[in-house]
Amino acid sequence: MTYEIETSDRDSDKVADIIDTYTYRGVEKEEQTRDGVLYTVNADDDEIRDLENALDDARVDWHYY
């Protein structure tokens, strides 16, 4: 499935590194938004679950659509 994960500019590098670590395909698209950075990620359910846990553990500002 494709997910869009948004984060603040402050946390964007850390979030991109975590996405690349926990997903097979990594970041497919990155775009600047008014509120920060929006990453498009293609991942399966297991990858997303691991990614969510890693982002929460890293205490970064993020949410996905």
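Residues numbered from 1 in each chain as written. Predicted model: local features only at pLDDT ≥ 70, side-chain atom pairs only at ≥ 80, totals over all residues. Heavy atoms only, no water.

A.B. asks: I'd like a rundown of the sheet that holds strand E2 (residues 27-32), residues and numbers included.
C.D. replies: Spatial strand order, E2-E3-E1-E4: four strands in an open sheet with antiparallel pairing. Looking at the sheet topology across the chains shown, the edges are occupied by E2 and strand E4 (62-64). Strand-to-strand twist across the sheet, computed as the mean angle between neighbouring axes with direction ignored, equals 20°. Across five bridges, E2 lies against strand E3 (residues 37-42) in antiparallel orientation. When the bridges of E3 are listed, Glu 30 appears paired with Tyr 39. Helix H2 (residues 45-58) contacts strand E1 (2-7), E3 and E4 of the sheet and is inclined by roughly 160° relative to E4. (Pairing = 2+ DSSP bridges. Helix = DSSP H or I, 4+ residues; strand = E, 2+ residues; numbered from the N terminus. Axes fitted to C-alpha atoms, helices over the stretch in contact; angles between N-to-C directions. Contact = heavy atoms within 4.5 Å.)

A.B. asks: Give me the pairing of E1: which residues, what numbers.
C.D. replies: Bridge count between E1 and E3: six bridges; the pairing is antiparallel. Bridge pairing in E3 places Tyr 3 opposite Val 41. As defined by bridge partners, E1 adjoins E4 across three bridges and the pair is classed as antiparallel. Paired with Thr 7 across the two strands is Trp 62, which belongs to E4.

A.B. asks: Lay out the pattern of salt bridges in plain terms, naming residues and giving numbers.
C.D. replies: Applying the stated criterion across every chain yields a total of three salt bridges. Put simply, Lys 29 and Glu 31 hold a salt bridge, and the shortest N to O gap is 3.4 Å. For Lys 29, a relative accessible area of 46% corresponds to the partly exposed category. Judged by its relative accessible area of 32%, Glu 31 is partly exposed. (Salt bridge = Lys/Arg side-chain N within 4 Å of Asp/Glu carboxyl O. Buried < 20%, exposed > 50% of the residue type's maximum accessible area, 1.4 Å probe, protein only.)

A.B. asks: Got a sec to walk through the environment of Glu 30? Specific residues and values, please.
C.D. replies: Positionally, Glu 30 belongs in strand E2. With relative accessibility at 54%, the residue Glu 30 sits in the exposed group. On a C-alpha basis, the gap between Glu 30 and Val 41 in space is 9.2 Å, while along the polypeptide they are 11 residues apart. Contact partners of Glu 30, with chain neighbours within four places excluded, come to Val 37, Leu 38 and Tyr 39.

A.B. asks: Report on the pairing of E3, specifying residues and quantitative values.
C.D. replies: Most of E3 sits out of view: five of its six residues are buried. Hairpin remark: E2 followed by E3, antiparallel, with four residues in the connecting loop; positive phi at Gly 36, about 155°.

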